[in-house]
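Geometric and topological summary
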Amino acid sequence: MGKPVLGIMTLYLNDRGLLEERPVYQKMTAAARKLGLDLIVFTPDDVNYRTNRIHAQRYSPESGKWRREWTGFPHMIFDRCRIQRSKRFERLKAFRARYANHLYLNKPIGNKWSVYRTLSRDARFRDHLPQTRLYESSRDLTEMLGRYPLLYLKPAGGTGGRGILRIQRAGSGGSLLVQGRDHSRRIIRPMRIRPSLLPAKLASWDLRGRRYLVQQGIQIRLPGGRVHDYRMLVQKNGRGEWSVTGCAVRIGPPGSVTSNLHGGGQAASLASVLPGWLGSEAKAQKVQQRIGQFGVDVARYLEDSYGPLCELALDLAIDNSGQFWLLEVNPKPARDVFRRAGEKEAYRLALVRPLQYALWLYRNRQRRRRTTGNAAGRQTSRTTGGTAGRTAGRMAGRTAGGAAGQTSERPPDRTGKLPEAVVSSLASASELNEYDVWQA
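This is a predicted model, so every value here is computed, not measured.

This part takes up the pattern of salt bridges. On inspection of all chains with the given rule, the structure shows 31 salt bridges. Of the charged contacts, one joins Glu62 and Arg33 as a salt bridge, the two residues approaching to 2.3 Å between their closest N and O atoms. With Glu62 in the loop between β4 (53-60) and β5 (65-71) and Arg33 in helix α1 (residues 22-35), this pair connects stretches of sequence that are 29 residues apart. By relative accessible area, which is 60% here, Glu62 ends up exposed.

On to the sheet that holds strand β15 (residues 266-269), then. With antiparallel pairing, five strands are arranged side by side in an open sheet as β15-β14-β13-β16-β17. The open sheet is flanked by β15 and β17 (324-330), the only strands paired with a single partner. Strand-to-strand, the axes of this sheet are offset by a mean angle of 35°, without reference to chain direction. Sheet topology places strand β16 (residues 311-318) next to β17; six bridges connect them, and they run antiparallel. For Asp315, the partnering residue across the bridge sits in β17 and is Glu328.

For the pair helix α7 (residues 270-278) and helix α8 (residues 281-306), the least separation of the axes is 8 Å and the interaxial angle reads 115°. Taken together, α7 and α8 sit at an angle that is classed as roughly perpendicular. For the pair α7 and α8, the sense of crossing is right-handed. Residues Leu270, Leu274, Pro275 and Leu278 of α7 form the contact with α8, whose participating residues are Glu281, Lys283, Ala284, Val287 and Gln288. Across the contact of α7 with α8, the residue classes tally to six nonpolar, one polar and two charged.

Counting buried positions over the eight residues of β16 gives eight, a clear majority of the element. Alternating positions in β16 separate into two faces, Glu311, Ala313, Asp315 and Ala317 on one and Leu312, Leu314, Leu316 and Ile318 on the other, with burial throughout. Sheet analysis places strand β13 (residues 228-236) next to β16, joined by six bridges and oriented antiparallel. Its bridge partner being in β16, Gln235 is matched across the sheet by Glu311. Hairpin connection, β16 to β17: the antiparallel pair is bridged by five residues, and Gly322 has positive phi, about 100°.

Moving on, we get to the sheet that holds strand β10 (residues 175-181). Ordered by their spatial adjacency, six strands build an open sheet running β7-β12-β8-β9-β10-β11, and the pairing between neighbours is antiparallel. At either end of the open sheet lies a strand with only one pairing partner, and these are β7 (132-134) and β11 (187-193). The sheet shows a mean angle of 20° between the axes of neighbouring strands, taken without regard to direction. Contacts from helix α3 (residues 112-120) reach β7, β8 (150-155) and β12 (212-216) within the one sheet, and its direction differs from that of β7 by about 130°. Packing against the sheet, helix α5 (residues 138-147) makes contact with β7, β8, β9 (164-170), β10 and β12, and its axis sits at approximately 170° to β7.

A volume near 150 Å³ is recorded for the second largest pocket. Contributing to the lining of the second largest pocket are 13 residues, with Cys247, Leu270, Ala271, Gln288 and Glu343 lying nearest its centre. Counting residues per element, the ones that place at least two in the lining of the second largest pocket are β14 (242-251), α7 and α8. For the lining of the second largest pocket, the class distribution of residues is eight nonpolar, three polar and two charged.

How two aromatic rings sit relative to each other is given by the distance of their centres and the angle of their planes. Throughout the structure, instances matching the rule amount to twelve aromatic pairs. Summarising the aromatic geometry, the rings of Phe95 and Tyr99 are spaced 4.8 Å apart at their centres and angled 45° between planes, so their arrangement reads as tilted. Grouping residues by exposure puts Phe95 and Tyr99 together as buried. Between Tyr357 and Trp360, the ring centres sit 5.8 Å apart and the planes meet at 20°, which makes this aromatic pair stacked. One end of the pair is Tyr357 and the other is Trp360, both in helix α10 (residues 344-400) and three residues apart, which spans about a single turn. What makes Trp360 partly exposed here is its relative accessible area of 28%. Feature note: the residues Phe42, Tyr49, Phe73, Phe95 and Tyr99 constitute an aromatic cluster, connected by ring pairs.

Turning next to the nonpolar core. Of all hydrophobic cores here, the largest spans 41 residues; its most connected members are Leu119, Tyr230 and Leu314. Of all the secondary structure elements, the ones that give two or more residues to this core are α3, β13, β14, α7, α8, β16 and β17. For this core, the element with the highest residue contribution is α8, accounting for nine residues. The residues contacting Leu119, other than those within four sequence positions of it, are Phe125, Leu129, Val298, Tyr301, Leu302, Leu326 and Val329. In terms of nonpolar packing, the next biggest core, distinct from the first, is built from 37 residues, Leu37, Val41, Ala248 and Ala267 among them.

One can find Arg353 in helix α10. Counting along the chain gives 108 residues from Arg353 to Thr245, while the straight-line C-alpha distance between them is 8.6 Å. If we ignore the near neighbours within four places in the chain, the residues touching Arg353 are Gln235, Lys236, Asn237, Ser243, Val244 and Thr245.

Attention now goes to the pairing of β4. One face of the sheet, then the other: side chains in a regular strand alternate in exactly this way. Burial analysis of β4 places six of its eight residues in the buried class, which makes it a mostly covered element. Inspection of the sheet shows strand β3 (residues 47-48) paired to β4 by two bridges, in the antiparallel sense. Residue pairing for β4: Asn48 is matched across the bridge by Arg53. Count of turn residues in the β3/β4 antiparallel hairpin: four residues, of which Asn52 carries a positive phi of about 55°. Sheet topology places β4 next to β5; seven bridges connect them, and they run antiparallel. Bridging from a neighbouring strand, Ser60 pairs with Lys65 of β5. The turn joining β4 and β5, which pair antiparallel and follow one another in sequence, is formed by four residues; a positive phi near 70° is taken by Gly64.

What counts, and where the lines are drawn
Residues numbered from 1 in each chain as written. Predicted model: local features only at pLDDT ≥ 70, side-chain atom pairs only at ≥ 80, totals over all residues. Heavy atoms only, no water. Salt bridge = Lys/Arg side-chain N within 4 Å of Asp/Glu carboxyl O. Helix = DSSP H or I, 4+ residues; strand = E, 2+ residues; numbered from the N terminus. Buried < 20%, exposed > 50% of the residue type's maximum accessible area, 1.4 Å probe, protein only. Pairing = 2+ DSSP bridges. Axes fitted to C-alpha atoms, helices over the stretch in contact; angles between N-to-C directions. Parallel < 35°, antiparallel > 145°, perpendicular 65-115°, else oblique. Left-handed = near helix turned anticlockwise from the far one by under 90°. Contact = heavy atoms within 4.5 Å. Nonpolar A, V, L, I, M, F, W, Y, C, P; charged D, E, K, R; others polar. 1 Å grid on protein atoms, 1.4 Å probe; cavity = no way out; pocket = protein on both sides within 12 Å on 5 of 7 lines; lining within 4 Å. Points joined across faces, edges and corners; volume = space filled by probe spheres on them. Phe/Tyr/Trp six-rings, centres within 6.5 Å; stacked < 30°, edge-to-face > 60°. Core = buried A, V, L, I, M, F, W, Y, C linked by side-chain atoms within 4.5 Å.

This is the structure:
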């Protein structure tokens, strides 16, 4: 039997076949080989739906080159597809529906609004969630500004810090200070406007149509004026258990309201920022323990709510009193923040843990199948033995009564074909498991 195969599913970034995170997949391929795991990369556009074969990409560490090859479906799929406004994303949704019964390391979770509502149902998380509401009209904005001096507007399905606005009450004059990033991630410089003019100013943003969230802002500016937050990665390990892989700091560029690395942010280690921000090493250690347990609890809860998951990134705000808030959850996180922060071991684990978990998942499934097969074999043996005994008894009774040979039972089909009803039932079972059992 060959190696188990893990397929990393992603999306092309454009119609010319540009693939995201290729260097990451190269590192993961080399690591997978050491673990005894085979790795391919594919997109839904690489699938032949008629033959159920994939024109996958495979990296060779020896040659340092990628090659295409036709292959069957992998044993497991690691879904790395991020939200796009494209036909490619629509085709992804069709793939997920068609092959829903295949073995995935992770399933999709809801958007930011769905995740917020899900987490807010549990008392353990409620105090760590900034007040948030879905934008329906300018009244939502007015009411939230009446309650909080600082707000963020963000799209429920957005990624990478695009289309985010920061609105702050500016002193006693009643004006508002608005700044942010547009939908192309360009920085919007601070502008001071009257509250009555805010709805007109935001009309072109189509806040309701784009399903924007209005979120309570947390003061996360460092002494130099740059915003910062904390990216914590929680993953399943080689025993199938949730654990914290690492936590690093993201610091936004001057003038930015977001800290995303794609938007020009910088990465730093937790040890280089948190003790100074909180005022002591002891306080930093205590907060680190609290957010670690919080991250594991969130991951377990969201998996119970949405289905199988293998990793989540939590973006946290920590104020200088040590109180922390969950800003959002990212189910398809990048790993580069740890490399940039100089956290080499966290970066290595971030790449390896999904592979270790995939192997654990594969072996666990094989073990269950063997157990099920053995149990079915024992049941068949008992049934066959009992049937044989009962049949022999009946035949002996009929022979003793002088009725030997006078039976209405059909003789076995000498062609070796199964009865039509049995064939039909097996076909149905095969259809149910068609995408669940692959080239084991």
